[in-house]
Each structure stands twice: as C-alpha cells, then as structure tokens.
Amino acid sequence: MTCTPAPTITEWTDGAAAALAAHLVAAHSVTSGLQTWCEAHGIGEGPVRILSRAGGAPPVRLVAVLDAPESEFLSYRRVVLGRGRIALVEAELLYRNAALTEEMHAAGNDGLEPFGAVVAPLAPRRETVSQEIGTTRCGLPLRFTARSVLATGEGRAAVDERFLPTLLAPRGSLARA
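All of these numbers come straight from a predicted model, not from anything done at the bench.

The rules behind these values
- Residues numbered from 1 in each chain as written.
- Predicted model: local features only at pLDDT ≥ 70, side-chain atom pairs only at ≥ 80, totals over all residues.
- Heavy atoms only, no water.
- Helix = DSSP H or I, 4+ residues; strand = E, 2+ residues; numbered from the N terminus.
- Buried < 20%, exposed > 50% of the residue type's maximum accessible area, 1.4 Å probe, protein only.
- Contact = heavy atoms within 4.5 Å.
- Polar contact = N/O pair within 3.5 Å; in protein donor to acceptor, adjacent residues only side chain to side chain.
- Core = buried A, V, L, I, M, F, W, Y, C linked by side-chain atoms within 4.5 Å.
- Phe/Tyr/Trp six-rings, centres within 6.5 Å; stacked < 30°, edge-to-face > 60°.
- Arc of directions from axis to C-beta.

Draft legend 1. The overall build of the protein chain, seen in detail. A tally of helices and strands in the protein chain yields five helices and six strands. Ordered by position from N to C terminus, the α and β elements of the protein chain give α-α-β-α-β-β-α-α-β-β-β. Burial statistics for the protein chain: of 177 residues in total, 41% are counted as buried. For the protein chain, the proportion of contacts with a sequence separation of at least 24, taken over those separated by at least 6, is 62%.

In structure tokens:
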C-alpha cells in the first residue's frame, strides 16, 4: 500500500500535535482553547458550537472514570463540535445532573453551546486523565485523543474527546465556512 496523504497533511508535524495538546491542557476549557487555537490558525469562523449530537448508552470507560454511585442519575451525550461548518472534535460526555441548574440542563440538551460554555458559571476545573497522539501508516499525526474529568463544585463530568485532523491543518489551507 502506498501512502499518498492529502496536501494539508504533508505539512503536519508531531510538534503541531504536541502544541495543540499543550494548548488545550493549558486552556480554561476545551471550548475556549479550541476557539483561540482556531482563531490563531485561521480555522473556520464564529464561535465553537455543537454541529451534531446523539445520545445512547454511556460507555463503561466513562462510567468508570466518573465513579458515581449506581443509584445516581447521569446524563450522556455524544457531540461533534465545530467552528462554522468545520468539524473540530468528536466528544462523549457523561455527567452528574445534580450540580446543574434547569437552564443549564435545557441548554445542554437543546442548545448549540458546548458543555464547557454551558457550565462556565460554575467555574469548572478540568483534569486531564490521559492523552494520546496516534499516527497514520505514514507516521504523520492522525488523531489526538484526551480523557478528562471536569469538576464543577459538587458535580463531575467525564469526557472523551477525539480531536480531528482539521485542527492541525496549516493556516489558510481550510476554506472559511
């Protein structure tokens, strides 16, 4: 099999993936980190928003990270976040409901705001549990994943994120959407 990467992929470096990882860990929230990263790298336009959402049963790996009592009601969702029409990250989120207000529940279930923006008034603290930068068969960065716990006072959320290659595209290689 020959490996013929797309033109934008040829300019990726392990350094860019590592810089993205460091930038997101240092950011107050992934939402704000994505916003500033995209602005600095010319990716998309406007605020970071939910492009699509789905529910379903939460994966065991997130249930284990959250470590909630079996009797506690938890909410789970899968979302794709983007800027303009450019997808940036696929995320799975499992969170404890008790700490959120009714307005936050409504915004989280029906709105376009990412979870980090919805819970911002609670001054959440993010702890990265793990990160991984995977490569293609050609050795170029393909995916950057992170698992985190978000603490909001008495509430907690477990998040798995798969950051998409569009975040590593060189400035100007993506059309604004």
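Draft legend 2. Examining the side chain of S148 more closely. Relative to the assigned elements, S148 resides in strand β5 (residues 141-152). For S148, the side chain forms a polar contact with the side chain of R126, separated by 2.8 Å. Apart from residues no more than four positions distant in its own chain, S148 is found in contact with R126, E127, T128, V129, A157, A158, V159 and E161.

Draft legend 3. Representation of unusual backbone geometry within the structure. Despite not being glycine, A123 has its phi angle at roughly 50°, a positive value. With respect to the helices, strands and loops of the structure, A123 is situated in the loop between α5 (115-118) and β4 (125-135). For A123, a relative accessible area of 48% puts it in the partly exposed group.

Draft legend 4. Region of the structure containing the nonpolar core. Membership of the largest hydrophobic core comes to 22 residues, with the highest contact counts inside it found for L20, L34, L81, L88, F163 and L167. Secondary-structure elements contributing two or more residues to this core are α1 (14-26), α2 (30-41), β1 (48-54), β2 (74-83), β3 (86-96) and β5. Those residues in contact with L20, other than ones at most four positions away along the chain, are W37, F144, L167 and L168. Counting 10 residues, the second-largest nonpolar core is a separate cluster that includes L93, M104, F115 and A157.

Draft legend 5. Structural context of the packing of aromatic side chains. Per the stated rule, a full pass over the model turns up one aromatic pair. Consider the rings of Y95 and F115, whose centres lie 4.8 Å apart with planes at 40°: the pair is tilted. With Y95 in strand β3 and F115 in helix α5, this pair connects stretches of sequence that are 20 residues apart. With respect to class, Y95 is no different from F115; both count as buried.

Draft legend 6. How the structure looks around helix α4 (residues 102-110). Among the residues making up α4, those that are buried are M104, H105 and G108. Taken down its axis, α4 places every buried residue within 100° of arc, on the same side. Relative to its buried face, α4 has exposed residues pointing more than 90 degrees away, namely E102, E103 and D110.

Draft legend 7. Spotlight on the environment of A19. Of note, A19 is situated in helix α1. Here the alpha-carbon distance between A19 and L168, two residues 149 residues apart in the chain, equals 9.7 Å.

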